[in-house]
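Survey of secondary and tertiary structure
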Amino acid sequence: MEIWIDPACSKCRGAVDLLDAEGAEYTVRRYLEDVPSPDEIRAVLDRLGLEPWDITRTQEADAKELGLKEWAKDAGSRERWISALAEHPKLIQRPIITAQDGTAVVARSEEAVRDALGR
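Rules and cut-offs
Residues numbered from 1 in each chain as written. Predicted model: local features only at pLDDT ≥ 70, side-chain atom pairs only at ≥ 80, totals over all residues. Heavy atoms only, no water. Helix = DSSP H or I, 4+ residues; strand = E, 2+ residues; numbered from the N terminus. Rg over C-alpha atoms; globule rule 2.2 N^0.38 Å. Buried < 20%, exposed > 50% of the residue type's maximum accessible area, 1.4 Å probe, protein only. Contact = heavy atoms within 4.5 Å. Areas by Shrake-Rupley, 256 points an atom, 1.4 Å probe, with all protein chains shown as cover. Pairing = 2+ DSSP bridges. Right-handed = clockwise from strand over helix to strand, strands pointing away. Axes fitted to C-alpha atoms, helices over the stretch in contact; angles between N-to-C directions. Parallel < 35°, antiparallel > 145°, perpendicular 65-115°, else oblique. Left-handed = near helix turned anticlockwise from the far one by under 90°. Salt bridge = Lys/Arg side-chain N within 4 Å of Asp/Glu carboxyl O.

Before going further, it helps to examine the overall build of the protein. Looking only at helices and strands, the protein has five helices and four strands in total. For the protein, the C-alpha radius of gyration of 14 Å lies close to 14 Å, the compact-globule estimate for 119 residues. Counting only C-alpha atoms and orienting by the principal axes, one finds that the protein spans roughly 40 × 25 × 25 Å. When each of the 119 residues of the protein is scored for burial, the buried share is 43%. Partitioning the contacts of the protein with sequence separation of at least 6, the portion at a separation of at least 24 is 63%. A total accessible area of about 6300 Å² is found for the protein, and carbon and sulfur atoms account for 43% of it.

Here is the structure:
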């Protein structure tokens with residue numbers, strides 16, 4: 001199990017605290033420092049069963065500068081979104097937990113973290 005976090009994020013700290021309280025074995029990836037490659041983002045999206053625009057923080061300053069709200073959300077635009085996430089990792093929703101069964105969850109709630117633990 002791996003969790004992508006930003007240590008400054010309260011949701012991330014809460015998820016890590018819950019994993020610790022449950023005695024889970026996991027690795028932490030500080031994705032703002034250890035930026036995921038486009039291939040890693042594609043792999044996580046496949047595990048999540050989501051599209052890149054589904055995990056994009058559109059309220060971030062970078063998103064506004066890029067005009068992401070105006071970008072098409074279709075198969076033809078998928079790679080453009082993935083490139084933006086790789087170039088601007090702050091846009092990636094957090095925390096993301098990759099579960100033992102090969103799936104992943106965006107773990108913004110206690111319920112989502114528990115879901116990942118049960119997989």
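Back to the write-up after that little detour.
What follows deals with the pairing of strand E2 (residues 27–30). As paired elements, strand E1 (residues 2–5) and E2 share four bridges and run parallel to each other. By the bridge assignment for E2, Trp4 is matched with Arg29. Read as a crossover between parallel neighbours, the route from E1 over helix H1 (residues 10–21) to E2 is right-handed.

On to the packing of H1 against helix H5 (residues 110–117). When two helices pack together, their arrangement is given by the angle between their axes and by how far apart the axes lie. Close contact between H1 and H5 brings their axes to 10 Å; oriented N to C, the two are set at 45 degrees. Comparing the axis directions of H1 and H5 gives the class oblique. Regarding H1 and H5, the two cross each other, and that crossing is right-handed. Along its contact with H1, which presents Ala15, Leu18 and Leu19, the element H5 presents Glu110, Val113, Arg114 and Leu117.

The next point concerns the side chain of Arg57. By the secondary structure assignment, Arg57 is in the loop between helix H2 (38–48) and helix H3 (61–66). Using a relative accessible area of 18% as the deciding quantity, one classes Arg57 as buried.

A separate point is the pattern of salt bridges. Under the counting rule described, the total for this entry stands at 10 salt bridges. For Asp6, the salt bridge goes to Arg94, with nearest N and O atoms at 4.0 Å. Here Arg94 lies in the loop between helix H4 (78–87) and strand E3 (96–98) and Asp6 lies in the loop between E1 and H1, a separation of 88 residues in the sequence. We note that Asp6, like Arg94, is buried. Glu51 is the salt-bridge partner of Arg78, the closest N and O atoms lying 2.6 Å from each other. Separated by 27 residues along the polypeptide, Arg78 in helix H4 and Glu51 in the loop between H2 and H3 bring together distant segments of the chain. Connected via shared salt-bridge partners are Glu22, Glu110 and Arg114.

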